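# Observations on the three-dimensional arrangement
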Amino acid sequence: MSTTNALTKEATSRYADLKDMRVYYHDAGEGPVLLMLHGGGPGASGWSNFKQNLPALTPHFRVLLVDQPGFGLTDKPEHDENQWDLTARVLVQLLDHLGIDKVTPVGNSMGGAASLALALAHPDRVERLILMAPAGGAVPVTSLSPTAEGRILFTYYAPPGPSVDRTKELVHALLYRPEDVDPETFQERYEASIDPESQAYHIRMFKKWANGGMPDLWKRVDEITHETLLLWGREDRILPLDTSLLMLNKMANARLHVVPKCGHWVMTEHPREFEDQIVAFMRETKA
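We now turn to the structure provided with this report. (Residues numbered from 1 in each chain as written. Predicted model: local features only at pLDDT ≥ 70, side-chain atom pairs only at ≥ 80, totals over all residues. Heavy atoms only, no water.)

A tally of regular secondary structure across the chain gives 12 helices and 8 strands. Computed over the C-alpha atoms, the radius of gyration of the chain is 17 Å, within 12% of the 19 Å expected from 2.2 N^0.38 for a compact globule of 287 residues. Dimensions of the chain, computed from the C-alpha atoms along their principal axes, are close to 50 × 45 × 40 Å. In the chain, which comprises 287 residues, the share counted as buried stands at 54%. Within the chain, contacts between residues at least 6 apart in sequence are counted, and of these 75% link residues at least 24 apart. Carbon and sulfur atoms make up 50% of the accessible area of the chain, which totals about 12,500 Å². Across the chain, 29 positive and 38 negative side-chain charges occur, with their mean positions spaced 2 Å apart. (Helix = DSSP H or I, 4+ residues; strand = E, 2+ residues; numbered from the N terminus. Rg over C-alpha atoms; globule rule 2.2 N^0.38 Å. Buried < 20%, exposed > 50% of the residue type's maximum accessible area, 1.4 Å probe, protein only. Contact = heavy atoms within 4.5 Å. Areas by Shrake-Rupley, 256 points an atom, 1.4 Å probe, with all protein chains shown as cover. Lys, Arg positive; Asp, Glu negative; His and termini not counted. Charge placed at Lys NZ, Arg CZ, Asp CG, Glu CD.)

Another aspect to go through is a nonpolar patch on the surface. Residues Val-141, Leu-245 and Leu-248 make up a contiguous nonpolar surface patch of roughly 250 Å² in combined accessible area. Looking at the element boundaries, Val-141 is found in the loop between β6 (129-132) and α6 (152-155). (Patch = residues over 30% accessible without salt bridge, like charges linked within 9 Å, V, L, I, M, F, W, Y side chains within 5 Å. Salt bridge = Lys/Arg side-chain N within 4 Å of Asp/Glu carboxyl O.)

Take the sheet that holds strand β8 (residues 254-259) next. Strand order across the open sheet formed by 8 strands is β1-β2-β4-β3-β5-β6-β7-β8, with mixed pairing between neighbours. For this open sheet the edge positions go to β1 (13-17) and β8, each flanked by a neighbour on one side alone. Across the sheet, the mean angle from the axis of one strand to that of its neighbour is 20 degrees, orientation sign disregarded. Where strand β5 (residues 104-108) lies against β6, 3 bridges are found, and the strand directions are parallel. Of the residues in β6, the one forming a bridge with Asn-108 is Met-132. Against the sheet, helix α5 (residues 110-121) makes contact with β3 (33-37), β5 and β6, and its axis sits at roughly 145 degrees relative to β5, the strand it touches most. (Pairing = 2+ DSSP bridges. Axes fitted to C-alpha atoms, helices over the stretch in contact; angles between N-to-C directions.)

Now for the environment of Leu-65. With respect to the element layout, Leu-65 can be found in strand β4 (residues 62-66). The exposure class assigned to Leu-65 is buried, which follows from its relative accessible area of 1%. Residues Leu-65 and Tyr-24, spaced 41 residues apart in sequence, show a C-alpha to C-alpha distance of 8.7 Å. Once residues lying within four places of it in the same chain are set aside, the contact partners of Leu-65 are Tyr-24, Tyr-25, His-26, Met-36, Gly-46, Trp-47, Phe-50, Lys-51 and Leu-54.

Right, let's get into the packing of helix α7 (residues 164-174) against helix α8 (residues 183-193). The geometry of α7 relative to α8 is characterised by a closest axis approach of 9 Å and an angle of 110 degrees between their N-to-C directions. It follows that α7 is roughly perpendicular to α8 by the angle criterion. On α8, the residues that touch Val-164, Thr-167, Lys-168, Val-171 and His-172 of α7 are Phe-186, Gln-187, Arg-189 and Tyr-190. Of the residues in the contact of α7 with α8, the class split is 4 nonpolar, 3 polar and 2 charged. (Parallel < 35°, antiparallel > 145°, perpendicular 65-115°, else oblique. Nonpolar A, V, L, I, M, F, W, Y, C, P; charged D, E, K, R; others polar.)

This is the structure in structure tokens:
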């Protein structure tokens, strides 16, 4: 079983050379597998999204923090696929590579879209689902789409281009209390976002989304029968709370937990509640 001292970036760092690309991930803990999937904002990675949650989760689970295709240190190929379908396909290759039969995806935003795509395309590889404001499943009822805050995802690389201040604007849109963010986080995220390959990949991806290529997995969520936990920040300004209602209504085994004074990143703003909800959900829905 992992100890806190072993949960460093370096100690948990791994690469997998798969059929379609080289994937970077972090691997720690023992037990049922949580497959943690970050969102789609510039500079995102598995480590940057979920590193703070490892000490609480690894005593109970084997935790994989995966950089999705085009993000972090995973390869950034040119392709014509939907981002979430590509991620789902590569994730199956990763699970086969690691000899893992089933996982519980824990997907935030775009990572939630990949989690839904994985459950739809390969339901036998998914044990349960934990989704935080998942793109593709969320549909606005009373809110606008995209929200004013959400538009920064599409304009981050527009002239005059990325900067630390622009990164702060992005993170501020994601959080209820952005003043609590460590200044080093802004710098780390900014530096990741300006990597030339990452920048080119994101520009291509956001161009597809702006031209009508946003995920529409909501059309099929009624096919998903896995036990599902929806986690939502009440003050989420990227995918507002009302967008959860279709999934809650259409997914046979979905339940919703709402976190007050919280934006788009439940795992960052309320890590203890996030972790406690996962542990309780996994225990209560054990087969």
